[in-house]
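# Coordinate inspection notes
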Amino acid sequence: MPLPATPRTRRGLLRESCSRVRSGGYLEETFTLEEGTALVMVTDGVVEGPGLTLEAGLKRAGTLAGQALHDGLNAEEIADRILEAAVAVDHLDDVAVLVIRRI
């Protein structure tokens, strides 16, 4: 189940946020999670690695999170699914996932 295409979930906003953080500027936004949705934050070690571009890693993490949410997994299980995928491709960097799920 794909995430709804709202301004807050579009890949463009995510890319813009990543770019601003890397350039030293931070993007601040206030929003409310709707019932049944989740906010997933990851470190670069989860989405980048040998043979895995940032774009591909973000897409993979988003797909995994969306599918896990659709499957009814809780926040810990969603994080585990994303972390297991990161570890499976031999990431060399530290990894962290934070999931906030509104039920």
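Residues numbered from 1 in each chain as written. Predicted model: local features only at pLDDT ≥ 70, side-chain atom pairs only at ≥ 80, totals over all residues. Heavy atoms only, no water.

For helix α4 (residues 75-88), spanning 14 residues, the distance from its first C-alpha to its last is 20 Å, which sits close to the expected 20 Å at 1.5 Å a residue. Taken together, the buried positions of α4 are Ile 78, Ala 79, Ile 82, Ala 85 and Ala 86. Along α4, the residues classed as buried sweep out an arc of 130° about the axis, all on the same side. Away from the buried face of α4 by more than 90 degrees, exposed residues Glu 76, Glu 84, Val 87 and Ala 88 are located. Where the residues of α4 are buried, they touch β1 (38-42), α2 (44-47), α3 (54-70) and β2 (97-101). At the N-terminal end of α4, a side-chain oxygen is found 3.0 Å from the backbone nitrogen of Glu 76, two or three residues along, and the residue is Asn 74. (Helix = DSSP H or I, 4+ residues; strand = E, 2+ residues; numbered from the N terminus. Expected span 1.5 Å × (residues − 1). Buried < 20%, exposed > 50% of the residue type's maximum accessible area, 1.4 Å probe, protein only. Arc of directions from axis to C-beta. Contact = heavy atoms within 4.5 Å. Polar contact = N/O pair within 3.5 Å; in protein donor to acceptor, adjacent residues only side chain to side chain.)

The share of residues in the protein chain with pLDDT of 70 or more is 74%, and the mean pLDDT across the chain is 80. Confidence scores differ between elements of the protein chain, with helix α1 (residues 11-22) showing the lowest mean pLDDT of 50 and β2 the highest of 95. Taken as a whole, residues 1-13 scores under 50 in pLDDT and shows 14 contacts with residues more than four places along the chain or in a different chain. (pLDDT = per-residue confidence, 0-100.)

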